[in-house]
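# Structure at a glance
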Amino acid sequence: MTSSLLRTLIPFDIYGGMKLTGKYFGKVLRQANRGAKRTHIVVEYPEVPTTLMPRFRGRLQMIKDEQGEVKCVCCLACEKICPTQVITIEKGKKEGRKTPFPVRYDFEMERCIFCEFCVESCGFDSIILNHQFELAAYDREDFSHAMEGGFQNMFDTTPVGHYSVASDD
Ligand code: SF4
Ligand code: SF4
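A brief report on the enclosed structure follows. Every chain's residues receive numbers from 1 upward, in the order its sequence appears when written. In the order they appear in the text, chains get letters beginning with A and ligands get numbers beginning with 1. Selection of residues for local features in this predicted model requires a pLDDT of at least 70, selection of side-chain atom pairs for listing and counting requires 80 or more, and totals for whole chains, interfaces and linings are taken over all residues. The basis for every side-chain value is the complete set of non-hydrogen atoms in the structure, without hydrogens or water.

This part is about the nonpolar core. Nonpolar side chains tend toward joint burial in soluble globular proteins. Buried Ala, Val, Leu, Ile, Met, Phe, Trp, Tyr and Cys residues that are joined via side-chain atoms within 4.5 Å together make up what is termed a nonpolar core. The rule is simple: take the accessible area with a 1.4 Å probe, protein chains only, and divide by the maximum for that residue type; under 20% is buried, over 50% is exposed, in between is partly exposed. Ranked by internal contacts, the top residues of the largest apolar core, which has 24 residues, are Leu60, Met62, Ile87, Tyr105, Phe107 and Ile127. Ranked by residues supplied to this core, first place goes to strand E4 (residues 101–108) with 3 residues. Segments assigned H or I by DSSP are reported as helices when at least four residues long, segments assigned E as strands when at least two residues long, and all are numbered from the N terminus.

The subject of this paragraph is the layout of surface pockets. For each structure, a 1 Å grid was placed over the protein atoms alone; sets of points admitting a 1.4 Å probe that cannot get out are labelled cavities, open sets with protein on both sides within 12 Å along at least five of seven lines are labelled pockets, and lining residues have an atom within 4 Å of a point. Grid points are joined across faces, edges and corners, and a volume is the space filled by probe spheres set on the points. If you add up the space inside the largest pocket, you get close to 170 Å³. What lines the largest pocket is simply Arg59, Met109, Gln132, Glu134, Leu135, Ala136, Ala137, Asp142, His145, Gln152, Asp156 and Val160. When the residues that make up the lining of the largest pocket are grouped by side-chain class, the tally is 5 nonpolar, 3 polar and 4 charged. By the convention adopted, Pro, Cys, Tyr, Trp, Phe, Met, Ile, Leu, Val and Ala count as nonpolar, Lys, Arg, Asp and Glu as charged, and the other residues, Gly among them, as polar.

It is worth spelling out the site of ligand 1 at this point. Note on definitions. A residue lies near a molecule or strand when any single heavy atom of the residue is within 4 Å of it. With respect to spatial proximity, 13 residues lie near ligand 1, and among them Cys82, Cys112, Cys115, Glu116 and Cys118 are the closest. Of the residues assigned to the shell around ligand 1, the class counts are 11 nonpolar, 1 polar and 1 charged.

Right, let's talk about the site of ligand 2 for a bit. Near ligand 2 there are 13 residues, and of these Cys72, Cys75, Leu76, Cys78 and Cys122 occur at the shortest range. Tallied by class, the residues present in the shell around ligand 2 amount to 12 nonpolar, 1 polar and no charged.

Pairing between side chains of opposite charge can happen when their charged atoms approach one another. Between Lys or Arg on one side and Asp or Glu on the other, a salt bridge is scored when a side-chain nitrogen of the former is within 4 Å of a carboxyl oxygen of the latter. Within the structure shown, the criterion is met by 5 salt bridges. Of the charged contacts in the structure, one is a salt bridge between Glu69 and Lys94, with a shortest N-O distance of 2.9 Å. Separated by 25 residues along the polypeptide, Glu69 in the loop between strand E2 (60–62) and helix H3 (77–81) and Lys94 in the loop between strand E3 (87–92) and E4 bring together distant segments of the chain. Between Asp106 and Arg104 there is a salt bridge, with its nearest N and O atoms 2.6 Å apart.

Before going further, it helps to examine the packing of aromatic side chains. The description of an aromatic ring pair rests on the distance of the ring centres and on the angle between the ring planes. Stacked, edge-to-face and tilted are the three classes for Phe, Tyr and Trp ring pairs, Trp counted by its six-membered ring, which pair at centre distances within 6.5 Å; planes under 30 degrees apart are stacked, over 60 edge-to-face, the rest tilted. Within this structure, the stated rule accounts for 3 aromatic pairs. Judged by centre distance (5.5 Å) and plane angle (90°), the ring pair of Tyr45 and Phe133 falls under edge-to-face. Residue Tyr45 is found in the loop between helix H2 (12–37) and strand E1 (50–52), and its partner Phe133 is found in the loop between strand E5 (127–129) and strand E6 (144–146); the two are separated by 88 residues along the sequence. Each ring, one from Phe133 and one from Tyr163, has its centre 6.1 Å from the other, and the planes form 70°; the classification is edge-to-face. Highlighted residues: Phe133 in the loop between E5 and E6 and Tyr163 in strand E8 (residues 163–165), separated in sequence by 30 residues. Overall, Phe133 belongs to the partly exposed group, its relative accessible area being 27%. Through pairs of rings, three or more aromatic residues link up here, namely Tyr45, Phe56, Phe133 and Tyr163.

Here you go:
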């Protein structure tokens, strides 16, 4: 009765839209209610180490191959795709190497949004977003990363923070 009355008063499209909105609104409410009943666990970090998900996106890191050679071949895909333009690469040559060598690979982490587009665009598996966790710093220079020089090292794998990584299962 109420339904047919509403249908008469409200134009068909608007009625349909309202019905759909109501349906999803109810679904969201039911899900939120179920979530509220779950036990929430607060970890007293850093005294208690946290557990990171395997896909946690930390700092951009360059990868070397088994021979210890930089895998990056300067295709520039990561530099081009980066929405915040925080990667700067300079293409060069290295004696005994057939592919181009990045004489410069700079990463300005302060503007990185950890979207992972750079990693996804790399067809050579040369970069990852690692699990370094505590990335806050007081000094601006600590956000500048390069292959060498006075900046943070692009190959650094030292764990930063108190964490373990959950298994991929
Ligand atoms: S994660 Fe995103 S914002 Fe950060 S360097 Fe890669 S593409 Fe750029
Ligand atoms: S996409 Fe990969 S190979 Fe290409 S420049 Fe970036 S890191 Fe190097």
